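# Architecture at a glance
Residues per chain, in single letters:
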Amino acid sequence: MKKHTLNARSIAVVMGLLLVATLMMTCSKSSSQTAPPSWLWWEAEKPLATNFPAQNPFAPANEREAAVLSEGRWVGVAGNYGGRTMFLEYAVSVPKAGDYHFYVRKFWKHGPFRWRFDSQAWQEVGRDIALLDEEELRLHIVANWIYAGQVKLSAGQHILRIELTAQDGAAAFDCFLLTPTVWFPKGKLKPGEKVHRTMQGWFVFDPEPDTFAASPIDLRSLNEKFAGEKGFIQVKGDAFVHSKTGEPVRFWGVNAGPDVVRMPQPYVDYLARHLAKLGVNIVRVHGGIWRQEDFRRVDERYLDQLHYFIAAMKREGIYTALSIYFPLWLNLSAQHGFEGYNNQHPFALLFFNKEFQAIYKQWWTRLLTTRNPYTGAPLNEEPAVAFAEIVNEDSYLFWTFTYDRVPPPQMALLEREFAGWLEKKYGALPNALQAWGGRKHPRDDLANRRVGFMGLWEIFNQRDQRAQDTAEFLTRHQTAFFAAMTAFLKNDLKFKGAVYGSNWITANETILGPLDKWSNTVGDFMDRHGYWGGPHKGERASYALSVGDQYDDLCALLQPQENSFALPIMDIGYGGKPSTITEINWTPPNRFRADFPLLCAAYGALQGSDGFCFFALNGADYQRSLTKFAIQTPVVMGQFPALAVMFRKGLVKTSDAVVKMNLKLTDLFALKGAPVRAPMNLDELRAKDIPPGRTLRVEGMNAIDPLAFLVGRVEMNFSEQGGASEIADLSQFINRQTQTVRSATGELRWDYSRGLLTVNAPQAQAASGFLSKAQAIPLNDVTIETDVEYGTIVVVSLDGNPLKTSKKILVQAMTEDTNFGWTAPGQGLRPIQSLGGPPLVVRKLSGTLAFRRPDASACRVTALDPRGYPMKQVGNAAKLALMEDVIYYVVEKS
């Protein structure tokens, strides 16, 4: 490239830009602030020099779209660049010498580029850059801040040059920021600026970044000094324990994908401290570790970022669970060396293809045996790595096991194994056909020792001998795979944490479901996933919220009225092993989500669940608008403090088993099924894999009342001999006339006619659902009165004493959250007219709490801000009047 020289016109432009920058620096803060800010902001659409086109293909189409951008415009390019290197240059006047962080607001991950000031070394920004926020202009057009790196600059004038490193494709830039400190972007707001918006009946939830000063509700002390301080996580009976101390541990966690792992280190550090403060003690890292251009090779840069992420979590007492393979993350074609594939996801391939298994083992070997430079130890020796997952959401017994999804050349490999298995069972393949009454499959080729697979629909409906043999072979083959991979991780690679198989459902929950679960019992513990919400229809409804989507609100607390009642919290204990739910969410759009975290904490504790991982993180801090799988919101993670305490400290009792099924393996292989079924709660993304009309359930089975899950623990055990099953008298807990269910412990009561849940334990009490209809809600130690239509109010002891004597109590209140300007008028299934945008808003609170203890008037109440810091004293516990915009209160007695 030629060295850029400034002509008279350019010098004039430079001086004008410098003047604008100076004005921005001195005027962007309020007039009461005399010192200029230490940061520098400038507009991308005002370059000193560029070869970007004058017409931006991504220009805003209207005022609403323009309002998303810093000054209503941005600069962009698309298509083929004709062999040119596309560039932008800016004159920047730095007020003070120092080290600066450089931020860029651009169009998503499009337009990889390199940048430098003056003649300094180039710094690269690739397509895998982490996004720090997101605001949508229109469908598929978004603006995101990214962290580009650090630079040392002297005071005075500098030239910034940006060059696109691709030869074609989309790219757009909105604005830039240099700041001496780490910054948390909020769209087009400059550092220090606050949003000033009002929405009738709602308050803005847009807290400033946390300083992590002393807070009465900081739960960092719940975690160890560092994860693994008490040893590796091991299994003892039906619980997780620390290997050094034997202490049991429950996990309250979240999911993080590669975009979160790839965040700059200061943001990872912030996230770790933020999560620990909210009571989180595990993060499930869910993402592939291979290079995008070559799945046979590990992405070394990502591995380094993952190592740092694990180390940062460890410092805050947070464990990591590793989930590194999901068939949906890969698209195979014949050119990859796997015959028959045509840009398809490799469902089930890992279970039987030796070549693919070898690639998979290489991933784990590189991941677990590479020394972590940030801790000094490889992950196989790292006690802060709690779990390893073999495969995410895959099973021979789900609808994706078909000749359409698994190409015939690949399926032939498994057909040969099936033939070998049948020869061992029957002596010869003709004998198998005779046992099947001569029933053949179009793929049968006995001369070449191949036997075809019936469809799953045929298996669980016809249940003849061929169906039984097919189901047994697939189940035993899957079991052997899980056993072999568990042995590989624990014996060959010396991984010292706990290993589990998968977490998926089947094509039929009563017939095939128990077989799949039995196959998973060769792992250390059992896992599953669950999503729930109202109807949501639209082209992108499986992963996004879009204008024009049709949706309806649905409250989980009313669902026991339905014959098909099933919620993700209904957890079966299998084979006396620990049980986790490593993906769970009540997905938007749905106004009734405030019951979600409480249901997990209360019924998870009742049923003896050992861990939850909410799906999924979107960044380092609270989100500023809703996304499809939003959890970093006031309704979900905003309720973590009280509910993490409730679940992790066992403030709600675990029930004895009220249903204990002892199933005989031969009966399961004979496709007799089980009289109790696990709920099949899919997210919309995987629900698409179920063929239309394939929802018939087998008739004539004796089914256990699904409300049993709300009474107590439900267990399913497998053995060769089977045995008598035990079922408690559920009639004393389930009253269908009043539509109420009481837990066997007496601490939980679910009124599904009114949509009201109450918790009455010595150290934890709560009410959730349609609160105003209940008028006064008398709990054991506190009475709640509120005219809030729907919400959740939780009271927990923070000092380990009963609420009646506790000297430190957290009161937590929540209603609903949504985007500012969200518009979807009407009732029932209706269209989204506007998604609105940042910031999130919360429906205003109101009501009173009256503690019924003799010294209530001597217990002072302090209102806390959204970060848990004291704002002001608001009376005493005899009558706590809820403020309209306060979520947390601490009740204390000296």
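Below or above, wherever it landed, is the structure these notes cover. Everything numeric here is computed off the predicted structure, so don't read it as measured data. (Residues numbered from 1 in each chain as written. Predicted model: local features only at pLDDT ≥ 70, side-chain atom pairs only at ≥ 80, totals over all residues. Heavy atoms only, no water.)

## Things to note about the overall build of the protein
From N to C terminus, the protein includes 18 helices and 50 strands. Relative to the globule expectation of 29 Å for 894 residues, the C-alpha radius of gyration of the protein, 29 Å, shows essentially globular dimensions. With respect to the three principal axes, the spread of C-alpha positions in the protein is 95 × 80 × 55 Å. Residue burial in the protein is summarised as follows: out of 894 residues, 61% are buried. Partitioning the intrachain contacts of the protein with sequence separation of at least 6 by distance along the chain shows that 75% fall at a separation of at least 24. (Helix = DSSP H or I, 4+ residues; strand = E, 2+ residues; numbered from the N terminus. Rg over C-alpha atoms; globule rule 2.2 N^0.38 Å. Buried < 20%, exposed > 50% of the residue type's maximum accessible area, 1.4 Å probe, protein only. Contact = heavy atoms within 4.5 Å.)

## So, the nonpolar core
One recurring pattern in soluble globular proteins is that nonpolar side chains are buried together. Counting 224 residues, the largest nonpolar core has Trp252, Trp363, Trp364 and Met646 as the members making the most contacts within it. Non-local contacts of tryptophan 364, meaning those with residues more than four positions away in its chain, are made with Leu322, Ile324, Thr369, Ala388, Glu389, Phe488, Leu489 and Leu493. With 32 residues, the next largest nonpolar core counts Phe117, Leu153, Phe173 and Phe176 among its residues. (Core = buried A, V, L, I, M, F, W, Y, C linked by side-chain atoms within 4.5 Å.)

## Structural notes on unusual backbone geometry
The omega torsion across proline 588 and proline 589 is 0 degrees, close enough to zero to call that bond cis. Secondary-structure assignment places proline 589 in the loop between β29 (579–586) and α13 (596–607). For histidine 140, which is not a glycine, the phi torsion comes out positive at approximately 75 degrees. Take histidine 140: it is sitting in the loop between β8 (135–138) and β9 (141–153). Unusually for a residue other than glycine, glutamine 739 sits at a positive phi of about 55 degrees. Structurally, glutamine 739 is set in the loop between β34 (734–735) and β35 (740–742). Assessed through its relative accessible area of 25%, glutamine 739 is described here as partly exposed.

## Quick notes on the pairing of strand β32 (residues 713–719)
Along β32, 7 of the 7 residues are buried, which leaves the element largely enclosed by surrounding structure. Residue alternation in β32 divides its side chains into two sets, Arg713, Glu715, Asn717 and Ser719 and Val714, Met716 and Phe718, and both sets are buried. Looking at chain direction, strand β28 (residues 572–574) and β32 are connected through 3 bridges and run parallel. Within the sheet, the bridge partner assigned to glycine 573 lies in β32 and is glutamate 715. When strand β31 (residues 657–664) meets β32, the two strands line up parallel, connected through 7 bridges. Bridged to asparagine 662 within β32 is asparagine 717. (Pairing = 2+ DSSP bridges.)

## Considerations on the packing of helix α11 (residues 465–492) against helix α12 (residues 513–520)
Two elements in contact, α11 and α12, have axes separated by 8 Å at closest approach and are oriented at 25 degrees. Comparing their axes, α12 and α11 come out roughly parallel. Our pair here, α11 against α12, has a crossing hand that is right-handed. Along the contact surface, α11 presents Ala471, Thr475, Arg476, Gln478, Thr479 and Phe482, while α12 presents Leu515, Asp516, Trp518, Ser519 and Asn520. Split into classes, the residues belonging to the contact of α11 with α12 amount to 4 nonpolar, 5 polar and 2 charged. (Axes fitted to C-alpha atoms, helices over the stretch in contact; angles between N-to-C directions. Parallel < 35°, antiparallel > 145°, perpendicular 65-115°, else oblique. Left-handed = near helix turned anticlockwise from the far one by under 90°. Nonpolar A, V, L, I, M, F, W, Y, C, P; charged D, E, K, R; others polar.)

## Considerations on the sheet that holds strand β27 (residues 550–551)
With antiparallel pairing, the 3 strands of this open sheet are ordered in space as β26-β27-β44. In the strand order of this sheet, the two ends are held by β26 (536–537) and β44 (830–831), each with one partner. Strand direction decides the pairing type here: β26 and β27, joined by 2 bridges, are antiparallel. Across the sheet, residue histidine 536 finds its bridge partner in β27, namely tyrosine 551.

## A short note on the pattern of salt bridges
Side chains that carry opposite charge are capable of pairing whenever their charged atoms lie near each other. With the rule as written, the count across this model stands at 54 salt bridges. Glutamate 293 is the salt-bridge partner of arginine 291, the closest N and O atoms lying 2.6 Å from each other. Each of Glu135, Lys186, Lys194, Asp206, Glu208 and Arg624 takes part in one network of salt bridges that share partners. (Salt bridge = Lys/Arg side-chain N within 4 Å of Asp/Glu carboxyl O.)

## With respect to the packing of aromatic side chains
Applying the stated criterion across every chain yields a total of 77 aromatic pairs. Taken together, a centroid distance of 4.9 Å and an interplanar angle of 90 degrees make the contact between tryptophan 145 and tryptophan 183 edge-to-face. Placement of the pair is tryptophan 145 in strand β9 and tryptophan 183 in the loop between β11 (171–179) and β12 (202–205), with a sequence separation of 38 residues. The burial state of tryptophan 145 is the same as that of tryptophan 183; both residues are buried. Pairing phenylalanine 173 with phenylalanine 176 gives two aromatic rings, centres 6.3 Å apart and planes at 25 degrees, and the pair type is stacked. Phenylalanine 176 gets classed as buried once you look at its relative accessible area, which sits at 0%. Site record: aromatic cluster; members linked through ring pairs are Phe351, Tyr396, Phe401, Phe418, Trp421, Trp436, Phe453, Phe473, Phe481 and Phe482. A cation sits over an aromatic face here: lysine 109 above tryptophan 108, 5.8 Å from the ring centre. (Phe/Tyr/Trp six-rings, centres within 6.5 Å; stacked < 30°, edge-to-face > 60°. Lys NZ or Arg CZ within 6 Å of the ring centre and 35° of its normal.)

## Concerning the environment of aspartate 444
Counting through the fold element by element, aspartate 444 comes out in the loop between α9 (429–435) and α10 (456–462). According to the relative accessible area criterion, aspartate 444 is buried, its value standing at 17%. Separated by 417 residues in the primary sequence, aspartate 444 and valine 861 have C-alpha atoms spaced 75 Å apart. Separated by 2.8 Å, the side chains of aspartate 444 and arginine 466 make a polar contact. (Polar contact = N/O pair within 3.5 Å; in protein donor to acceptor, adjacent residues only side chain to side chain.)

So yeah, pure geometry; function would need other evidence.
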